[in-house]
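Residue-level structural notes
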Amino acid sequence: LFDELNVEDVYDTPAGQQRINNLIVKFEAKFGEQPNFLVRAPGRVNLIGEHVDYCGFPVLPIAIQQDVVIAGRTDETDRKLTVSNADSSFPEYSCNIRDVQVKEVKWYSYVLAGYLGISQRINTLPPGLQVMVDGTVPMSAGLSSSSALVCASALMAALFLKEKSLTRECIAEVCAKAERYVGTEGGGMDQAISFLGVKGKAQLINFNPVRCEPVSLPDSVTFVVANCMVNKWKADGTDFNNRVAECRLAADVLATKLGLDWEKVQKLQPLMVARDMTPKELLENVEQHLHSGVYTRDEIVDILKVSDSTFASIIGKSSNEVFRLYDRAVHVAGEAARVAEFRRLCDENPADVQALGRLIDESHDSLKVKYNVSIEELDNLTQICKGAGALGSRLVGAGFGGCTISMVPKEIVDQFIFKVWEAYYKPLNVSEEEATSKHLFVTS
Ligand code: ADP
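Before going into details, it helps to say that this report is about the structure given with it. Only a predicted model underlies this, so the values are computations on that prediction, with no experimental measurement involved.

The full count for this structure, using the stated rule, is 10 aromatic pairs. An aromatic cluster of at least three residues, connected via ring pairs, comprises Tyr54, Trp233, Phe240 and Phe400. Sitting over the ring of phenylalanine 31, lysine 30 keeps its end group 6.0 Å from the ring centre. Across the ring face of tyrosine 371, the terminal group of arginine 328 is positioned such that the distance to the ring centre comes to 5.6 Å.

Laid out in structure tokens, this is it:
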């Protein structure tokens, strides 16, 4: 019945089989016939390397079981793309396949983006399709539900355009670009791990071009996700895009004032090696240049190529605002170094889980103090997780709410989960069952 793409894992459990059966029943009730394909793309949790992918630095995520599955059938007669959701609270959308465009930020825009990304890449229109989306990745919680949706949709479009050049790495890059149609200027981590994740391993993902190396994690620990159940990001993505723009500006200041070209600055680590600079020396230089106030407002606007109003929200008018760039650069350089060290420890000294935990804690501190993307609830939850026995705990994803990830010794995971429920979720009237089914879970 099905062309199975990435869907095997879903059938691993009776609950997974039940889910697919329910999806097929709903699909048939809606479209009058059974689907003739299923595609799947997982969400992710990033172990370390937050807010660095869009600066070109490697990251270390794992794919998670929570995913987006799309059931669909071809509709050659109608030449329409009709997008529905197994959760009927999401409105249906339909248009002619020639008119697929991302015009607004709606749930189905991510599906349109994936479809459009592939059709533009291959320069051919996939056929008309009737599709139904069924997602289990918690939304806006730092686990990349939106990218899973884009990736599943791109996979669906690619299914019909059997173009040989479409490797997994290539589709991941197409999806990273396509997701920007919806409005956020993300890097490529989420899409890369969705296509390149491997069971039981983390992946060190490099960019430009996307490539990955599997990394074995220490046997003695497991990673637990806990959702603080709050989200304070601005829905239009400006908080996120401002961070991206700040980093572009910081990189450009580095490039111009240190006389280094843009490409090299995007890869601070090799650069530091080439110039024999420590990260501290490099950043001291940046600080000097930022404090010297050499740039005029107009020059910065020109470098950034952003609108005046965006610029005002990034830089403001005072030089204090400009110093913020220094903190952003400190985070990016420091986090990139932590990724490299984390990977080195996993390869060479996996027994040193205390050191791995410290890197995770440092990542959270840097995201909080230098990058200003934490909130009280996330700080509180990471502290609770540490108190419950985590070796390290940090916010995961873009921040301002959503999930934390904690590295926990395997032998205490059950107690850890109970303690976190008792301290964080119980006072919010969330039952243990609800917490452990939705908000607090072990990754595998
Ligand atoms: P995330 O970190 O989860 O990607 P975003 O806020 O960037 O957070 O994207 C979440 C958005 O993606 C949702 O508001 C919704 O529009 C869309 N989305 C993700 N998964 C689904 C789904 N299963 N069904 C409908 N929309 C979804």
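Time to look at the packing of helix α15 (residues 413-425) against helix α16 (residues 432-439). Between α15 and α16, the shortest axis-to-axis distance is 10 Å and the interhelical angle comes to 110 degrees. With respect to α16, the element α15 is oriented roughly perpendicular. Packed against α15, whose contacting residues are Ile417, Phe418, Trp421 and Tyr425, the element α16 presents Glu432, Ala435, Thr436 and His439 at the interface. When grouped by side-chain class, the residues that make up the contact of α15 with α16 number five nonpolar, two polar and one charged.

Ranked by size, the top nonpolar core spans 120 residues in total, and within it Ile118, Phe342 and Tyr425 carry the most contacts. By residue number, the principal contributor to this core is helix α3 (residues 145-159), which donates 11 residues. Beyond its immediate stretch of four places on either side in the chain, tyrosine 425 contacts Ala226, Asn227, Met229, Leu381, Val420, Val430, Ala435, His439 and Leu440.

Roughly 1,000 Å³ of volume is contained in the second largest pocket. The wall of the second largest pocket is formed by 40 residues, among which Ala63, Ile64, Gln65, Lys199 and Ser444 lie closest to the centre. At the level of elements, α1 (14-31), β2 (37-48), β3 (60-74), α5 (189-196), β9 (221-231) and β12 (440-442) are the ones that each hand at least two residues to the lining of the second largest pocket. Take the lining of the second largest pocket: its biggest share by element is six residues, from β3. Split by residue class, the lining of the second largest pocket holds 16 nonpolar, 13 polar and 11 charged.

Residue placement: serine 119 occurs in helix α2 (residues 109-122). Residues contacting serine 119, with those up to four places away along its chain left out, are Thr124, Leu125 and Pro126.

Another aspect to go through is the state of the cysteines. Per the counting criterion, the structure on display carries zero disulfides. Unpaired in terms of disulfides, cysteine 95 finds its nearest cysteine sulfur in cysteine 175, a separation of 18 Å. Accessibility expressed as a relative area gives 9% for cysteine 95, which makes it buried. Between cysteine 247, a cysteine without a disulfide, and cysteine 55, which holds the nearest cysteine sulfur, the sulfur-to-sulfur distance is 3.7 Å. We classify cysteine 247 as buried; its relative accessible area is 8%.

Bringing the packing of α3 against α5 into the picture now. Direction vectors running N to C along α3 and α5 enclose 55 degrees, while the axes themselves pass 9 Å from each other. Classed by the angle they form, the pair α3 and α5 counts as oblique. Between α3 and α5 lies a crossing of right-handed hand. Contacts between α3 and α5 involve Ser147, Ala148, Cys151 and Leu155 on the former and, on the latter, Asp190, Gln191, Ser194 and Phe195. Residues that form the contact of α3 with α5 fall into these classes: four nonpolar, three polar and one charged.

Our focus in this paragraph is the site of the ligand. Close to the ligand lie 14 residues; Asn85, Trp107, Ser140, Ser145 and Ser146 are nearest. For the ligand, a nitrogen atom lies 2.9 Å from a polar atom in the side chain of asparagine 85. For the ligand, an oxygen atom lies 2.6 Å from a polar atom in the side chain of serine 145. When the ligand is considered free in solution it has 560 Å² of accessible area, and contact with the protein chains removes 78% of it. At three residues, the largest contribution of residues to the shell around the ligand is made by α3. Here the shell around the ligand is composed, by residue class, of seven nonpolar, seven polar and no charged.

Next up on the list: the sheet that holds β12. Sheet architecture is open: four strands sit in the order β10-β11-β9-β12, paired in antiparallel fashion. Bordering the open sheet on either side are β10 (392-395) and β12, each of which pairs with just one other strand. Taken pair by pair, the neighbouring strands of this sheet meet at an average axis angle of 20 degrees, ignoring direction. As paired strands, β9 and β12 are joined by three bridges and run antiparallel to one another. When the sheet's bridge partners are listed, alanine 226 is paired in β12 with leucine 440.

It is worth spelling out the pattern of salt bridges at this point. Within this structure, the stated rule accounts for 17 salt bridges. The salt bridge partner of aspartate 67 is arginine 19, with a shortest N-O separation of 2.8 Å. Separated by 48 residues along the polypeptide, aspartate 67 in strand β3 and arginine 19 in helix α1 bring together distant segments of the chain. Take aspartate 67 and arginine 19: they sit in the same class, and that class is buried. The residue aspartate 379 makes a salt bridge to lysine 368 at a minimum N-O spacing of 3.7 Å. Placement of aspartate 379 in helix α14 (residues 376-387) and of lysine 368 in helix α13 (residues 353-369) is noted, with a sequence separation of 11 residues between them. Residue class for aspartate 379 comes out buried when judged on its relative accessible area of 17%.

Counting buried residues along strand β4 (residues 80-85), five of its six residues qualify, which places the element largely inside the surrounding structure. Pairing of β4 with strand β5 (residues 93-96) involves four bridges; the strand directions are antiparallel. Within β5, the position partnered with threonine 82 by the bridge is serine 94.

Thresholds, definitions, all that
Counting restarts for each chain: residues are numbered from 1 in the order of the written sequence. For a predicted model such as this one, the threshold for reporting local features is a pLDDT of at least 70, and the threshold for listing and counting side-chain atom pairs is 80 or more; totals across whole chains, interfaces and linings nevertheless cover every residue. Only hydrogens and water are set aside; all other atoms, that is, all heavy atoms of the structure, feed into the side-chain values. The pairing test for Phe, Tyr and Trp rings, Trp by its six-membered ring, is centres within 6.5 Å, and the orientation test on the planes gives stacked under 30 degrees, edge-to-face over 60, and tilted for anything in between. Here, a charge over a ring means that NZ of Lys or CZ of Arg falls within 6 Å of the ring centre while also lying within 35 degrees of the ring normal. Simply put, an axis is a line fit to the C-alpha atoms, just over the touching stretch for a helix, and the angle between two N-to-C directions goes from 0 to 180 degrees. Runs of E in the DSSP output that reach at least two residues are strands. Runs of H or I that reach at least four are helices, and both are numbered from the N terminus. Put simply, angles under 35 degrees are roughly parallel, angles over 145 are roughly antiparallel, angles from 65 to 115 are roughly perpendicular, and the rest are oblique. Contacts are assigned to residue pairs that have any heavy atoms within 4.5 Å of one another. Any residue outside Ala, Val, Leu, Ile, Met, Phe, Trp, Tyr, Cys, Pro, Asp, Glu, Lys and Arg is labelled polar, Gly included; the first ten of those are nonpolar and the last four are charged. Nonpolar cores were defined as sets of buried Ala, Val, Leu, Ile, Met, Phe, Trp, Tyr and Cys residues, with membership established by side-chain atoms within 4.5 Å. Relative accessibility decides the category of a residue: with a 1.4 Å probe and only protein chains considered, values under 20% of the type maximum give buried, values over 50% give exposed, and everything between is partly exposed. Only protein atoms enter the calculation, which uses a 1 Å grid: trapped sets of points that fit a 1.4 Å probe without letting it out are cavities, open sets showing protein on both sides within 12 Å along at least five of seven lines are pockets, and any residue with an atom within 4 Å of a point is a lining residue. Grid points are joined across faces, edges and corners, and a volume is the space filled by probe spheres set on the points. The rule for a disulfide is simple: a pair of cysteine sulfur atoms within 2.5 Å. A crossing counts as left-handed when the near helix is turned anticlockwise from the far one by less than a right angle, and as right-handed when that turn is clockwise. Proximity criterion: a residue is near a molecule or strand once any of its heavy atoms comes within 4 Å of it. Two N or O atoms form a polar contact when they lie within 3.5 Å of each other; inside protein one atom must be a possible hydrogen donor and the other a possible acceptor, and for residues adjacent in sequence the pair counts only when both atoms belong to side chains. Only the protein chains shown count as cover for residues, and all accessible areas are computed by the Shrake-Rupley method using a 1.4 Å probe. Here, a strand pair is defined by DSSP locating no fewer than two bridges between the strands. What counts as a salt bridge is simple: a side-chain nitrogen of Lys or Arg found within 4 Å of a carboxyl oxygen of Asp or Glu.

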